[in-house]
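One letter stands for each residue in the lines below.
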Amino acid sequence: MHEQADGTTLETGSMVNPDTGRDTPYEELWLDTELDEAKSKDACFVVKHEQGAHRGMIVKLGDFCQGVARRGEEVVAERWEKKDGRWQRTVRIGSGSLVCDELLNGVIKAENGASFTSGGETWAVVEAY
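Residues numbered from 1 in each chain as written. Predicted model: local features only at pLDDT ≥ 70, side-chain atom pairs only at ≥ 80, totals over all residues. Heavy atoms only, no water.

1. Description of the pairing of strand β10 (residues 121-128)
In regular strands, side chains alternate between the two faces of the sheet. Bridge count for strand β4 (residues 44-51) against β10 is 5 bridges, and the pairing is antiparallel. Residue pairing across strands places Lys48 opposite Ala124, the latter belonging to β10. Here strand β9 (residues 115-118) folds back onto β10, and the loop between the two strands holds 2 residues, one of which, Gly119, carries a positive phi near 60 degrees. (Pairing = 2+ DSSP bridges. Helix = DSSP H or I, 4+ residues; strand = E, 2+ residues; numbered from the N terminus.)

Rendered as structure tokens:
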């Protein structure tokens, strides 16, 4: 981990690339943010889906939410951020969809022990705070 002049932290390392099977170097930038205690009632949840070759996870922490799912060979990933009081998808990779929007906007409640079905997939709330 290396502190950067812009306040981010550079993480370097290596991991196996699933496409090549070879150990490959990587770099990631991290930005620390403060969690507003007034908003901490629903500050975090982890939702998981696993059925055969289909699996995924969505994690919300404060004003950020990220999800990724693999359905056979198809992979979809999304990042959402709360800006000006509204949730906005800021990144989408792949052509599928996730249930981030419904979770973030209260259409689906992320409560401990709950499960729900969306698009034929059953998701379980692993934890929620």
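Read on for the rest.
2. Description of the side chain of Thr8
Secondary-structure assignment places Thr8 in the loop between β1 (2-3) and β2 (9-16). Ignoring sequence-local partners within four residues, the contact set of Thr8 consists of His2, Glu3, Leu29, Trp30 and Leu31. (Contact = heavy atoms within 4.5 Å.)

3. Observations regarding the pattern of salt bridges
Within this structure, the stated rule accounts for 5 salt bridges. Across the pair Glu78 and Arg89 runs a salt bridge whose closest N-O atoms are separated by 3.6 Å. Here Glu78, found in strand β7 (residues 74-83), pairs with Arg89, found in strand β8 (residues 86-93); they are 11 residues apart in sequence, far enough to count as distant. Exposure remark for Glu78: the relative accessible area of 4% places this residue in the buried category. For Arg89, a relative accessible area of 40% translates into the label partly exposed. The residue Arg92 makes a salt bridge to Glu78 at a minimum N-O spacing of 3.9 Å. In this pair, Arg92 is assigned in strand β8 and Glu78 in strand β7, connecting sequence segments 14 residues apart. Relative accessible area serves as the criterion here: at 38%, Arg92 is assigned to the partly exposed category. Among the charged side chains, a salt-bridge network with shared partners connects Arg71, Glu74 and Glu121. (Salt bridge = Lys/Arg side-chain N within 4 Å of Asp/Glu carboxyl O. Buried < 20%, exposed > 50% of the residue type's maximum accessible area, 1.4 Å probe, protein only.)

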